[in-house]
Amino acid sequence: MPGIVVIGLQWGDEGKGKMVDHLASQAHFVVRSQGGNNAGHTIVVKGCEYRFHLIPSGVLHSHVQACITGGTVIDPNVLLAEIEILKSNGIELAGRFMLSPFAHVIFPYHREIDRLSEEKKGQRAIGTTGRGIGPCYQDKAARIGLRVGDLLDPAMLRQNLQAVIALKNEEMGKLFGHSGFVFDSIYLEYLEYGNRLRPYVAQAEIMIAQAIKEHNVLFEGAHGILLDNTFGTYPFVTASSTLPSGVCAGAGVGPRPDIQVLGVCKAYTTRVGSGPLPTALSKEEERFFPTHEAMREIGTTTGRKRRIGWLDLVLLRYAISLSNSSSLVLTKLDVLDDLPVVKICIGYSLRGRTIDYPPVLGEDWEFLEPIYEELPGWRSSTQDIHDKEKLPIHAREYLDRIEQLCNIPIAAVSVGPRREQTIIAQPFFLHM
Ligand code: IMP
């Protein structure tokens, strides 16, 4: 397969970054094509922790060509800070990082609208990351957004930004009583960003279209299937399409039979922000789990504690189907190492009926009662195991049951944060 899309099958934070990092060792191109700095991933290499929000994590491999394409929304200040951090760690991007001129740009008014809209929603707030992602995509859809390419043309930027700021000031004054933004300072700030980003701006999509014919291209999906703007747990979703089709569309790549989808999911479930989590742990069950710190379940982007639940196979099967995943990567199995029993949700009871698919309507989610299957825990460490066959018998039974109920092979299992704590059961790219 020349193309692999790595996709999260839950609500983001599945540990995709680590898998991408593993696959990137065999990839020529790594591509980030949707979302913005609402995503975040942490990768540990030789004891050093790297946090990324925009730059594809595969960039840590020096042979890799990294691309951010037109489907993304970019906060230039965040991107430039990431470039600087990489440089100061000896990772040079010149000549091997491309930023598409089509990508839309996040401005201060987007962040402010994000914050004020959430405030106004009160109890109904989505719990966004507050990075201005939704408002930026809104402007894109309304055809008033500014793109990376605009930052490189002072006259164009002046003309378009002036018009948008006038409009935003009027809208924000009426809606939120906001005092408005000053054009001059934003103009100068973003002109400067444009100058600093200029060396990296190139039409990455053309390179990718060529590359995918003969090289290994890795697409890093951001967020997770259940945050998809159309098919996720709407309205508690993000603003972009998180499906593999959305990932490919954002990279300018049409449907191709030779692109494989690798779905990543945790051995349990987590969620940040508002919205349903049917298999949330009870207070009693929480006591058996490690602390949030020990589980590394504190958000990379906002520092919020993630909510924890049992593995939900109703949602997992739905996400596998939507994403057309051909194999599964199960992460953080080691978090379950000390549990006396592990539970998997195999169906829901909704107002006396049993269902094996998620409800459509928001109000139905409140009445779902998960139906669980209980399996014995393995109560021993999996952290230093490198071979699936050497896992404790009950851990293997857990994996087998997931494979059986989801009708999908588990291609890899992650048992700790370090690169080498990964059990690979199946090769991925065909050629190097
Ligand atoms: P937004 O994407 O900032 O608009 O936030 C919308 C919802 O998606 C919120 O519940 C966020 O917490 C969630 N979200 C967005 N990106 C991620 C991610 O990469 N991981 C986990 N949750 C995310």
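A brief report on the enclosed structure follows. Please read these numbers as outputs of a predicted model, since none were measured by experiment.

Some remarks on the site of the ligand
Among the 16 residues in the neighbourhood of the ligand, the closest are listed as Asn-38, Thr-129, His-223, Thr-238 and Arg-304. Within the side chain of Thr-129, one N or O atom sits 2.6 Å away from an oxygen atom of the ligand. In isolation the ligand has 470 Å² of accessible area, and contact with the protein removes 96% of it. Looking at the shell around the ligand residue by residue, the classes come out as six nonpolar, eight polar and two charged.

Quick word on the state of the cysteines
Throughout the structure, instances matching the rule amount to zero disulfides. Left without a disulfide partner, Cys-265 is nearest to the cysteine sulfur of Cys-406, which lies 7.5 Å away. Cysteine Cys-345 is unpaired, with the sulfur of Cys-406 as its nearest cysteine sulfur at 11 Å.

A word on the layout of surface pockets
To find leftover empty space, one rolls a probe the size of a water molecule over the atoms. In this structure, the second largest pocket occupies an estimated 310 Å³ of space. Around the second largest pocket, the lining comprises 18 residues; the ones closest to its centre are Pro-244, Arg-256, Ile-259, Val-261 and Asn-324. Mapped onto the lining of the second largest pocket, the elements with two or more residues apiece are helix H9 (244-250), strand S10 (259-266) and helix H12 (313-323). Among the elements that take part in the lining of the second largest pocket, H9 stands out by supplying four residues, more than any other.

Points about the nonpolar core
Buried together is how nonpolar side chains tend to be arranged in soluble globular proteins. Ranked by size, the top nonpolar core spans 57 residues in total, and within it Leu-79 and Leu-161 carry the most contacts. When sequence neighbours within four positions are dropped, the list of residues in contact with Leu-161 reads Phe-107, Tyr-109, Leu-146, Phe-183, Ile-186 and Tyr-187. Judged by nonpolar contacts, the second largest core, of 56 residues, contains Tyr-268, Leu-316, Leu-391 and Leu-399.

Quick notes on the side chain of Thr-242
Structurally, Thr-242 is set in the loop between strand S9 (217-220) and H9. Residues contacting Thr-242, with those up to four places away along its chain left out, are Ile-7, Gln-34, Ala-222, His-223, Gly-224, Ile-225, Leu-227, Asp-228 and Val-247.

Let's talk about empty space enclosed by the protein
The tally for this structure, following the rule as stated, stands at one cavity of 30 Å³ or more. Its boundaries defined by the atoms lining it, the largest cavity holds a volume of some 40 Å³. Lining the largest cavity, in full, are Gln-10, Trp-11, Leu-226, Thr-269, Leu-311, Asp-312, Leu-315 and Leu-316. In terms of residue class, the lining of the largest cavity is made up of five nonpolar, two polar and one charged.

Here we look at the packing of aromatic side chains
Using the criterion set out here, one finds nine aromatic pairs in the structure. On the basis of an interplanar angle of 25° and a centroid distance of 4.2 Å, the ring pair of Phe-107 and Tyr-190 is categorised as stacked. Here the residue Phe-107 occupies a position in the loop between strand S8 (104-105) and helix H3 (108-121), and Tyr-190 occupies one in helix H7 (residues 183-197), the gap between them amounting to 83 residues. In terms of burial, Phe-107 and Tyr-190 fall into one category: buried. Measuring from ring centre to ring centre gives 5.3 Å for Phe-183 and Tyr-187, while their planes differ by 20°; the resulting arrangement is stacked. Of this pair, Phe-183 and Tyr-187 both sit in helix H7, separated by four residues, roughly a single helical turn. The pair Phe-183 / Tyr-187 is uniform in exposure class, with both members buried.

A closer look at the packing of H12 against helix H14 (residues 393-406)
Relative to each other, H12 and H14 sit at 55°, their axes nearing to 10 Å. On the basis of their axis angle, the class for H12 and H14 is oblique. When the axes of H12 and H14 are compared, the crossing they make is right-handed. Of the residues in H14, those touching H12 at Leu-313, Leu-316, Arg-317 and Ile-320 are Ile-402, Leu-405 and Cys-406.

Focus on helix H4 (residues 133-141)
Those residues of H4 not exposed but buried are Ile-133, Pro-135, Cys-136, Tyr-137 and Asp-139. One or two steps after H4, the chain reaches Arg-143, where phi turns positive at roughly 65°.

Things to note about the environment of Glu-214
Residue position: Glu-214 is located in helix H8 (residues 204-214). For Glu-214 and Trp-365, which are 151 residues apart along the polypeptide, the C-alpha to C-alpha distance reads 46 Å.

A word on helix H6 (residues 154-176)
Between its first and last C-alpha atoms H6 spans 31 Å; for 23 residues at 1.5 Å apiece the expected length is 33 Å, and the two agree. Within H6, the full set of buried residues consists of Leu-157, Leu-161, Val-164, Ile-165, Lys-168 and Met-172. One or two residues past the end of H6 sits Gly-177, with phi positive at roughly 65°.

Quick look at the pattern of salt bridges
Pairs can form between side chains of opposite charge whenever their charged atoms are close. Considering all chains together, one arrives at 23 salt bridges under this definition. The closest approach of N and O atoms between Lys-87 and Glu-84, which form a salt bridge, is 3.8 Å. Linking Lys-87 with Glu-84, this pair stays in helix H2 (residues 76-88), spanning three residues, or about one helical turn. In this structure, the salt-bridge partner of Lys-390 is Asp-387, at a minimum N-O distance of 3.9 Å. Accessibility expressed as a relative area gives 34% for Asp-387, which makes it partly exposed. Bridged by salt links that share partners, the residues Asp-13, Lys-266, Glu-297, Arg-306 and Lys-332 form one connected network.

With respect to the sheet that holds S10
Taken in spatial order, the nine strands of this open sheet run S7-S5-S2-S9-S1-S10-S14-S18-S19, and their pairing is mixed. The open sheet terminates on both sides in strands that have one partner only, identified here as strand S7 (97-99) and strand S19 (422-424). Within the sheet, the average angular offset between the axes of one strand and its neighbour, ignoring direction, is 20°. Pairing of strand S5 (residues 65-68) with S7, which is carried by three bridges, proceeds in the parallel orientation. Bridging across to S7, Ile-68 finds its partner in Leu-99. This element, H8, spans strand S2 (29-32), S5, S7, S9 and S10 of the sheet and lies at about 130° to S9. Strands strand S14 (327-331) and strand S18 (410-414) of the sheet are contacted by H14, whose axis makes an angle of about 140° with S18.

What counts and what doesn't
- Residues numbered from 1 in each chain as written.
- Predicted model: local features only at pLDDT ≥ 70, side-chain atom pairs only at ≥ 80, totals over all residues.
- Heavy atoms only, no water.
- Near = heavy atom within 4 Å.
- Polar contact = N/O pair within 3.5 Å; in protein donor to acceptor, adjacent residues only side chain to side chain.
- Areas by Shrake-Rupley, 256 points an atom, 1.4 Å probe, with all protein chains shown as cover.
- Nonpolar A, V, L, I, M, F, W, Y, C, P; charged D, E, K, R; others polar.
- Disulfide = S-S within 2.5 Å.
- 1 Å grid on protein atoms, 1.4 Å probe; cavity = no way out; pocket = protein on both sides within 12 Å on 5 of 7 lines; lining within 4 Å.
- Points joined across faces, edges and corners; volume = space filled by probe spheres on them.
- Helix = DSSP H or I, 4+ residues; strand = E, 2+ residues; numbered from the N terminus.
- Core = buried A, V, L, I, M, F, W, Y, C linked by side-chain atoms within 4.5 Å.
- Buried < 20%, exposed > 50% of the residue type's maximum accessible area, 1.4 Å probe, protein only.
- Contact = heavy atoms within 4.5 Å.
- Phe/Tyr/Trp six-rings, centres within 6.5 Å; stacked < 30°, edge-to-face > 60°.
- Axes fitted to C-alpha atoms, helices over the stretch in contact; angles between N-to-C directions.
- Parallel < 35°, antiparallel > 145°, perpendicular 65-115°, else oblique.
- Left-handed = near helix turned anticlockwise from the far one by under 90°.
- Expected span 1.5 Å × (residues − 1).
- Salt bridge = Lys/Arg side-chain N within 4 Å of Asp/Glu carboxyl O.
- Pairing = 2+ DSSP bridges.

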